[in-house]
Amino acid sequence: MSKSPLIVDMHSHFFPETWPDLAEKFGTPDWPWMKHHGDGKATVMVGDKEFRPIYSGCWDVSKRLEEMDQYGVDIQVMCSTPVLFATTRPADQAAECAHIFNDAALEMCSRSGGRLLPLAQVPLQDIDTACEVLTQAMKDGHLGVQIGNHVGDKDLDDEGLVTFLQHCAAENAAVLVHPWDMMGGNRMKKYMLPWLVSMAAETQLSILSLILSGAFDRIDKSLRICFAHGGGSFAYLLGRVDNAWKERDIVRVDCPNLPSSYVDRFFVDSAVFDHGALDLLIDVMGEERVMFGTDYPFPLGEIKMGELIRTAPKLNDQTKEKLFGTNAENWLATELSAQSAAD
Ligand code: CO
């Protein structure tokens, strides 16, 4: 079924069906592994703790394509999940994990007829190694990289992380910043509150780290970076940040320009689940800077993929076309085609 506009979901995840026993390989406990239940369902385990229930959309390419067809999605950009990054482990072990999961992503994408496109992961606790792994991943066919929004106590304005982002710009790699390892966990043990509160705050923190530290002024303008989940709390609270920048010198000490003037330096996805919020996001970011992203195949993602944008009452067809495909092409710096979806 051929259709217009091109529909690109730029925020989706995968888990390979299996991977090597990392606890055995590295001789330390509490590594992630997959417990299959045999009915297309599985649980991602970390050591003996349940991390997340998942289903075959994570690892089965044909199931994935079937669900994309069901909702008219032509192309999905897919990446692993921060639980697989091993950022707190020795860097050589995290580098090995990166190779395992980067190769798994390439293998899955190679069986998709061009409809699945991979983002890599890197061992971000060691910047030199992370840069090497990124360079290799881009040579191997990845279009960019997904990174966690912080590395321990280091936020994105950390000198090493800025160096890595510079390297991504030099390698022409798209960057997706994904919140993880959320703040405030001890006070949010119930109701998935870390996902509902901290993820949004983590993402806002990352964006403000780059703006208020002046990092965006040091990083090459060619960097194409996107923040997940609509940029978290950023758009809604940008007025508060601008006001603080005007009123308090300690806010603007490292940031030469009004915070809101930096919105042309990054992208956000559309995963906000509310038409009013999407309108605000487009108002703040501009219609060139918001991209269709679902968080497929996780339960807090947009299950009816594309419905929010498709049914948005205030968006015209041109804007929808940008959100659905054109902006993702610009973020990936790649011309995409729905040709395979028409087969
Ligand atoms: Co996600």
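Here the residue numbers are simple positions, counted from 1 along each chain's written sequence. The predicted nature of this model means local features are confined to residues of pLDDT at least 70 and side-chain atom pairs, given and counted, to a pLDDT of 80 or more, with totals for whole chains, interfaces and linings taken over all residues. With hydrogens and water set aside, each side-chain value is computed from the structure's full complement of heavy atoms.

**Q** What exactly am I supposed to notice about the overall build of the chain here?
**A** Labels follow the DSSP assignment, with helices taken as runs of H or I lasting at least four residues and strands as runs of E lasting at least two, numbered in each case from the N terminus. Helix and strand counts for the chain stand at twelve helices and eleven strands. Within these notes, the globule rule equals 2.2 Å times the number of residues to the 0.38 power, and the radius of gyration is based on C-alpha atoms. Expected size for 343 residues packed as a compact globule is a radius of gyration near 20 Å; at 19 Å, the chain falls within 12% of this value. Principal-axis analysis of the C-alpha atoms gives the chain an extent of 60 × 50 × 40 Å. Across the 343 residues of the chain, 56% fall into the buried class. In this description, contact between two residues means that some pair of their heavy atoms is separated by no more than 4.5 Å. For the chain, the proportion of contacts with a sequence separation of at least 24, taken over those separated by at least 6, is 71%. For the accessible areas, the method is Shrake-Rupley and the probe is 1.4 Å, while residue cover comes only from the protein chains on display. By element, 50% of the accessible surface of the chain is carried by carbon and sulfur atoms, the whole surface being about 15200 Å². Charge separation in the chain, taken as the distance between the mean sites of 30 positive and 50 negative side-chain charges, equals 5 Å. Relative accessibility decides the category of a residue: with a 1.4 Å probe and only protein chains considered, values under 20% of the type maximum give buried, values over 50% give exposed, and everything between is partly exposed. Counting rule for charge: Lys and Arg are taken as positive, Asp and Glu as negative, and neither His nor the chain ends is counted. Every charge is mapped onto a representative atom, which is NZ of Lys, CZ of Arg, CG of Asp or CD of Glu.

**Q** So what exactly am I meant to see when it comes to helix α10 (residues 275-285) here?
**A** Note on helix geometry: an α-helix contains 3.6 residues per turn, so any two residues three or four positions apart are oriented the same way. All of the buried residues along α10 are L278, D279, L281, I282 and M285. The buried residues of α10 occupy one face: seen down the axis, they fall within an arc of 160°. On its buried face, α10 sits against α8 (234-247), β10 (266-269), β11 (290-291), α11 (307-310) and α12 (317-332). If you check the start of α10, you find a side-chain oxygen 3.0 Å away from the backbone N of G276, and it comes from D274. Following α10 by one or two positions, G286 has its phi on the positive side, about 90°. Taking the helix axis as origin, the arc is that swept by the directions to the C-beta atoms. What qualifies as a polar contact is a pair of N or O atoms within 3.5 Å, subject to a donor-acceptor requirement within protein and to the restriction that residues adjacent in sequence count only when both atoms come from side chains.

**Q** Teacher, can you tell me more about the side chain of E302 here?
**A** Relative to the helices and strands, E302 is located in the loop between β11 and α11. We count a salt bridge whenever a side-chain nitrogen from Lys or Arg sits within 4 Å of a carboxyl oxygen from Asp or Glu. In this structure, E302 is buried with no salt-bridge partner, the nearest side chain bearing the opposite charge being R310 at 7.1 Å. Of note is the side chain of E302, whose polar atom sits 3.0 Å from the backbone nitrogen of G306. Here the side chain of E302 touches L308 through a polar contact of 2.8 Å, landing on its backbone nitrogen. Once you skip the residues sitting within four places of it in the chain, E302 turns out to touch F273, F292, T294, E307 and L308.

**Q** Before we go on, may I ask you to explain the state of the cysteines in this structure?
**A** Here, the word disulfide means a covalent bond between the sulfur atoms of two cysteines. By definition, disulfides here are pairs of cysteine sulfur atoms that lie within 2.5 Å. Under the criterion given, the structure shown has zero disulfides. A disulfide-free cysteine, C131 has its sulfur positioned 7.3 Å from the sulfur of C168, the nearest such atom. Here C131 falls in the buried class, since its relative accessible area comes to 10%.

**Q** Can you help me understand the pattern of salt bridges in this one?
**A** Between side chains of opposite charge, pairing is possible as soon as their charged atoms come close. Under the defined criterion, the tally for this structure stands at six salt bridges. Of the charged contacts in the structure, one is a salt bridge between D279 and K314, with a shortest N-O distance of 4.0 Å. With D279 in helix α10 and K314 in the loop between α11 and α12, the pair connects residues that are 35 residues apart, well separated along the chain. Judged by its relative accessible area of 16%, D279 falls in the buried class. Here E288 ties to K322 by a salt bridge, and the two come within 3.0 Å at their closest N and O atoms. Taken together, the residues span a long stretch of sequence, with E288 in the loop between α10 and β11 and K322 in helix α12 at a distance of 34 residues. In this structure K322 comes out as partly exposed when scored by relative accessible area, which is 21%. Residues participating in the shared-partner salt-bridge network are E287, E288 and K322.

**Q** I keep staring at the sheet that holds strand β9 (residues 225-227) and nothing clicks. Help me out?
**A** The strands that make up a sheet are held in pairs by hydrogen bonds between backbone atoms, and each pair lies either parallel or antiparallel. Pairing within the open sheet is parallel, and its five strands lie in the order β7-β8-β9-β10-β11. Looking along the sheet, the strands with just one partner apiece sit at the ends: β7 (144-148) and β11. Two elements, β9 and β10, share three bridges in a ladder whose sense is parallel. Bridge pairing in β10 links C226 to F267. Strands are treated as partners if at least two bridges between them are detected by DSSP.

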